[in-house]
Amino acid sequence: MKKKIIVAPSILAADFLNLETELNRLVEGDIKWLHYDVMDGHFVPNISFGKEILKQIKRKYDFYYDVHIMVTNPEHAAKELIEAGADLITFHYEACENPKSTIETIKSLSEDISVGMSIKPYTSVDEIVQYLPYLDLVLVMSVEPGAGGQKFDIEALDKIEQLRSIIDEEGYDCLIEVDGGINDLTGSDSVMAGADILVAGTYIFKSFDVKEAVEKIYENLELEDDE
Ligand code: DX5
Ligand code: ZN
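The structure reproduced in this document is the subject of the present report. Bear in mind the structure is a predicted one, so any value in this text is a computation, not a measurement.

Distances from the zinc ion (ligand 2) to its protein donors, namely His35 (NE2), Asp37 (OD), His68 (ND1) and Asp179 (OD), fall within the range 2.1 to 2.3 Å. The coordination sphere of the zinc ion (ligand 2) comprises six donor atoms, whose angles at the metal cover 70 to 173°; the geometry is octahedral. Spacing between the donor residues of the zinc ion (ligand 2) along the chain follows H-x1-D-x30-H-x110-D. Of the two residues, histidine 35 is situated in strand β2 (residues 33–39) and histidine 68 in strand β3 (residues 64–70); the sequence distance between them amounts to 33 residues.

What follows is about the pattern of salt bridges. Inspection of every chain in the model, using the stated rule, returns eleven salt bridges. Salt-bridge contacts for aspartate 196 lead to arginine 164; the nearest nitrogen and oxygen are separated by 3.2 Å. Residue aspartate 196 is found in the loop between α6 (184–193) and β8 (197–200), and its partner arginine 164 is found in helix α5 (residues 155–170); the two are separated by 32 residues along the sequence. Take aspartate 196: its relative accessible area is 14%, and that puts it in the buried class. Via salt bridges that share partners, Arg164, Asp168 and Asp196 belong to a single interconnected network.

Okay, the packing of α6 against helix α8 (residues 210–226) next. Between α6 and α8, the shortest axis-to-axis distance is 8 Å and the interhelical angle comes to 55°. Compared by their axis directions, α6 and α8 come out oblique. Where α6 crosses over α8, the handedness of that crossing is right-handed. Where α6 approaches α8, its residues Asp184, Leu185, Gly187, Ser188, Asp189, Val191 and Met192 are matched on the opposing element by Lys216, Ile217, Asn220, Leu221, Glu224 and Asp225. When grouped by side-chain class, the residues that make up the contact of α6 with α8 number five nonpolar, three polar and five charged.

Within the structure, ligand 1 sits among 20 residues, and Asp37, Gly146, Asp179, Gly201 and Thr202 are positioned closest to it. Between glycine 149 and ligand 1, the recorded distance is 2.9 Å, taken from a backbone N or O atom to an oxygen atom. When ligand 1 sits alone it has 380 Å² of accessible area, and the protein chains cover 99% of it. Broken down by secondary-structure element, the contributors of at least two residues to the shell around ligand 1 are β2, β3 and β8. Broken down by element, the residue count for the shell around ligand 1 peaks at three residues, all from β2.

In this section: the side chain of serine 188. Note that serine 188 resides in helix α6. For serine 188, a relative accessible area of 1% puts it in the buried group. Those residues in contact with serine 188, other than ones at most four positions away along the chain, are Asn183, Ile217, Asn220, Leu221 and Glu224.

It is worth spelling out the packing of helix α3 (residues 74–84) against helix α4 (residues 99–109) at this point. Helix packing geometry: the angle between the two helix axes and the distance between the axes. Contact geometry for α3 and α4: axes closest at 10 Å, N-to-C directions at 20°. One element, α3, and the other, α4, form an angle in the roughly parallel class. Classified by chirality, the crossing of α4 by α3 is right-handed. Listed contacts from α4 to Pro74, Glu75, Ala78, Lys79 and Ile82 of α3 are Ser101, Thr102, Thr105, Ile106 and Leu109.

Each value, and the rule that gives it
- Residues numbered from 1 in each chain as written.
- Chains lettered and ligands numbered in written order.
- Predicted model: local features only at pLDDT ≥ 70, side-chain atom pairs only at ≥ 80, totals over all residues.
- Heavy atoms only, no water.
- Donors = N, O, S within 2.8 Å, 3.2 Å for Na, K, Ca; no water.
- Tetrahedral: all angles 85-135°; square planar, octahedral: opposite > 155°, others 65-115°.
- Helix = DSSP H or I, 4+ residues; strand = E, 2+ residues; numbered from the N terminus.
- Salt bridge = Lys/Arg side-chain N within 4 Å of Asp/Glu carboxyl O.
- Buried < 20%, exposed > 50% of the residue type's maximum accessible area, 1.4 Å probe, protein only.
- Axes fitted to C-alpha atoms, helices over the stretch in contact; angles between N-to-C directions.
- Parallel < 35°, antiparallel > 145°, perpendicular 65-115°, else oblique.
- Left-handed = near helix turned anticlockwise from the far one by under 90°.
- Contact = heavy atoms within 4.5 Å.
- Nonpolar A, V, L, I, M, F, W, Y, C, P; charged D, E, K, R; others polar.
- Near = heavy atom within 4 Å.
- Polar contact = N/O pair within 3.5 Å; in protein donor to acceptor, adjacent residues only side chain to side chain.
- Areas by Shrake-Rupley, 256 points an atom, 1.4 Å probe, with all protein chains shown as cover.

Following this line, the structure appears as structure tokens:
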């Protein structure tokens, strides 16, 4: 399969005592997207990090900053994170009363911002189809948001397939991202189902060689293609 995959390592799985070394490994591994998970301890039980760390990383590293906000008040968090350097803000559908107005508010904060919407494992694709024309990205959670290192829920594959066919049929300009439990196998399955971007925390940061870890996903795709 010739499809180009974007792998977005989730910094949540990095060794924070050696953050610079970890980020350098990503650069050496040709990684272009950095997935930055913001948790508020309310929408999800954990608290992760906020704008200050993003600002500092951005000062030194030229990634595409893919910011996933697992927060109860997405519009407030989006403003702070856009100021800190986010390129893409992905909020949770489940966190808003009026998702269309949340999309519009975030878009109004900056000319250059891209907006994504994420759905938890129990949320169906049908619920969010109406918002696809206004989104730059849709994020399918393949684990319950809130922590790294969980097991991939294969039901995410059906959702990705469903989204792929709607987006292609309607000609929407909306990327599909998947997040949670991604490794070389679940990653290639997700790409086969139609995903454009794979978020991978544990798999990438715990790998010995980042480039090889990405290569493995491509190798599995070729194997699946031969079957
Ligand atoms: C979970 C986060 C994910 C997480 C992925 O709530 O949104 O981005 O860091 O971690 P892994 O790849 O370890 O499942
Ligand atoms: Zn995430």
